[in-house]
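Structure at a glance
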Amino acid sequence: MRDEISRVVADCEIIEQVEVAPHVFRSVLVEPTIARTSKPGQFVNVRVCECYDPLLRRPFSVHAVDPEKGTFSLLYDVIGRGTKLLMEMHVGEKVSVVGPLGSSFDVGEDPSARHILVAGGCGAAPIHFLSDWICKKHGCDKVTVLVGAKTGTALLCQAEFVAHGVEVKLATEDGSFGFKGFVTELLASHIEESKVKNPDSAIRIYACGPMPMMREVARVCGEQGIKSCQLSLERTMACGIGVCMGCVTKAQDGCCSHHPDEWHYSRVCTDGPVYDAKELIWE
Ligand SMILES: Cc1cc2nc3c(=O)[nH]c(=O)nc-3n(C[C@H](O)[C@H](O)[C@H](O)COP(=O)(O)OP(=O)(O)OC[C@H]3O[C@@H](n4cnc5c(N)ncnc54)[C@H](O)[C@@H]3O)c2cc1C
Ligand code: FES
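The shown structure was predicted, so the numbers you read here are calculated from the model rather than taken from an experiment.

Cut-off values and rules
- Residues numbered from 1 in each chain as written.
- Chains lettered and ligands numbered in written order.
- Predicted model: local features only at pLDDT ≥ 70, side-chain atom pairs only at ≥ 80, totals over all residues.
- Domains from an automatic or database assignment.
- Contact = placed C-beta atoms within 7 Å.
- Nonpolar A, V, L, I, M, F, W, Y, C, P; charged D, E, K, R; others polar.
- Pairing = 2+ DSSP bridges.
- Helix = DSSP H or I, 4+ residues; strand = E, 2+ residues; numbered from the N terminus.
- Axes fitted to C-alpha atoms, helices over the stretch in contact; angles between N-to-C directions.
- Parallel < 35°, antiparallel > 145°, perpendicular 65-115°, else oblique.
- Left-handed = near helix turned anticlockwise from the far one by under 90°.
- Core = buried A, V, L, I, M, F, W, Y, C linked by C-beta atoms within 7 Å.
- Buried ≥ 20, exposed ≤ 12 C-beta atoms within 10 Å, placed from the backbone.
- Near = placed C-beta within 6 Å.

What follows covers the domain arrangement of the protein. Assigned domains within the protein: domain 1 (8-101), domain 2 (105-234) and domain 3 (235-283). For domain 1 and domain 3, the distance between their C-alpha centroids amounts to 25 Å. The partner domain 3 presents six residues to the seven residues of domain 1 that form the contact. Class assignment for the residues of the side of domain 1 that touches domain 3 results in four nonpolar, two polar and one charged.

This is how it looks when you write it as structure tokens:
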């Protein structure tokens, strides 16, 4: 979903820096325009140091906003130099941020629709913002969040989702918490359950996580005949503004033409990161 552009470039003060799980940090930053105008699924591009390594900004989904306080949060896994530098910054320091960028999730206008949100690992970052957004628009009783991780200690945001008042289901690959297996297996069974419990309601699916998970979410949604399945892709990015073509993914021409020859390279930074699953071509 696209809206009018209200992008800012700003030096934002860090007012909170917390480790919420092993190697996973939450940073809260001050920037009133980003806090006021960001939509779930959008991201910001962060310059993690005044140095040449890394030279490029790093993209992070907007994890939460507080428009009254003029703050927004990031939730990130420390996986390389950029995220390590960000994690090492102290409260009171400033970091250069561009945003909000990219497309957002479309939560629709149907008041009776059921919303199933799927978060894999740090994919919980935008799903947390989305859960709060749908609760405010359609009511928390319509929302189920499925959270998956390799092991129980890596499950993210479950307490926050419970605090929102949504239904929360957990899956771990090692079975140390919740359902034993992939969160996508939980998705398939939850869709079936939801169809039985609410036969007259449309089901809307939203997901963010690693690419194999996204591919499986798309497959499950296709198999179950789900009309609205939106996926937020995380691609390595360079310019972040649609110039370098470093972030492209294959997408159908038009929406969902299903003609195998009619495709183009779509820029995840400007056309995405949120896509209708039917638009994407998996290889
Ligand atoms: C739109 C968008 C939103 C994102 N939101 C979040 C978020 O909310 N929280 C979060 O933790 N991460 C998020 N990411 C991923 C995040 O941008 C990368 O983890 C980060 O840029 C890594 O920087 P680094 O310098 O620490 O690691 P690097 O040194 O750049 O890379 C370390 C390793 O990770 C791999 N890698 C780097 N970027 C990605 C990526 N995007 N996807 C898969 N592998 C990658 C590299 O190939 C390398 O092997 C998002 C990415 C995009 C495109
Ligand atoms: S990162 Fe350069 S076009 Fe997307």
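That covers the picture; the talk isn't over yet.
Attention shifts here to the pairing of strand β1 (residues 8-21). Examined bridge by bridge, β1 and strand β7 (residues 94-101) share six bridges and lie antiparallel to one another. Considered in β7, the bridge of V9 is made with V98. The pairing of β1 with strand β2 (residues 24-30) spans six bridges and is antiparallel. From the neighbouring strand, A21 faces β2, where its bridge partner is V24.

As a further point, take the sheet that holds strand β11 (residues 179-180). An order of β11-β10-β9-β8-β12-β13-β16 is seen for the seven strands of this open sheet, with the pairing classed as mixed. Because the sheet does not close on itself, it has two edges, and the strands there are β11 and β16 (274-276). Bridge count for strand β13 (residues 228-232) against β16 is three bridges, and the pairing is antiparallel. Looking across to β16, one finds that Q230 is bridged to D276.

Relative orientation of the contacting elements helix α5 (residues 183-197) and helix α6 (residues 211-223) amounts to 15°, with a least axis distance of 10 Å. As the angle between them shows, α5 and α6 are arranged roughly parallel. Pair α5 / α6 crosses with right-handed handedness. Between α5, through V183, T184, L187 and A188, and α6, the contact on the second element is made entirely by M213, E216, V217 and V220. Classifying every residue of the contact of α5 with α6 gives six nonpolar, one polar and one charged.

This brings us to unusual backbone geometry. Omega for the bond connecting G99 with P100 falls within 30 degrees of zero, at -5°, which places this linkage in the cis form. On the secondary structure map, P100 appears in strand β7. Within the chain, H23 stands out as a residue other than glycine whose phi angle is a positive 70°. The backbone phi angle of M245 is positive, close to 65°, even though this residue is not glycine.

Before going further, it helps to spend a moment on the nonpolar core. Formed by 76 residues in total, the largest nonpolar core has its most connected members in L117, V118, V145, L146, V147, I205 and V217. Setting aside chain neighbours within four positions, we find V145 in contact with L117, A119, I127, S131, F161, V166 and V168.

For the rest of this paragraph, the subject is the site of ligand 1. Near ligand 1 there are 21 residues, and of these Y76, G80, G82, T83 and A125 occur at the shortest range. Counting residues per element, the ones that place at least two in the shell around ligand 1 are β4 (58-61), β6 (71-77) and α2 (81-88). Here the shell around ligand 1 takes four residues from β4, the largest share from any one element. Across the shell around ligand 1, the residue classes break down as 11 nonpolar, five polar and five charged.

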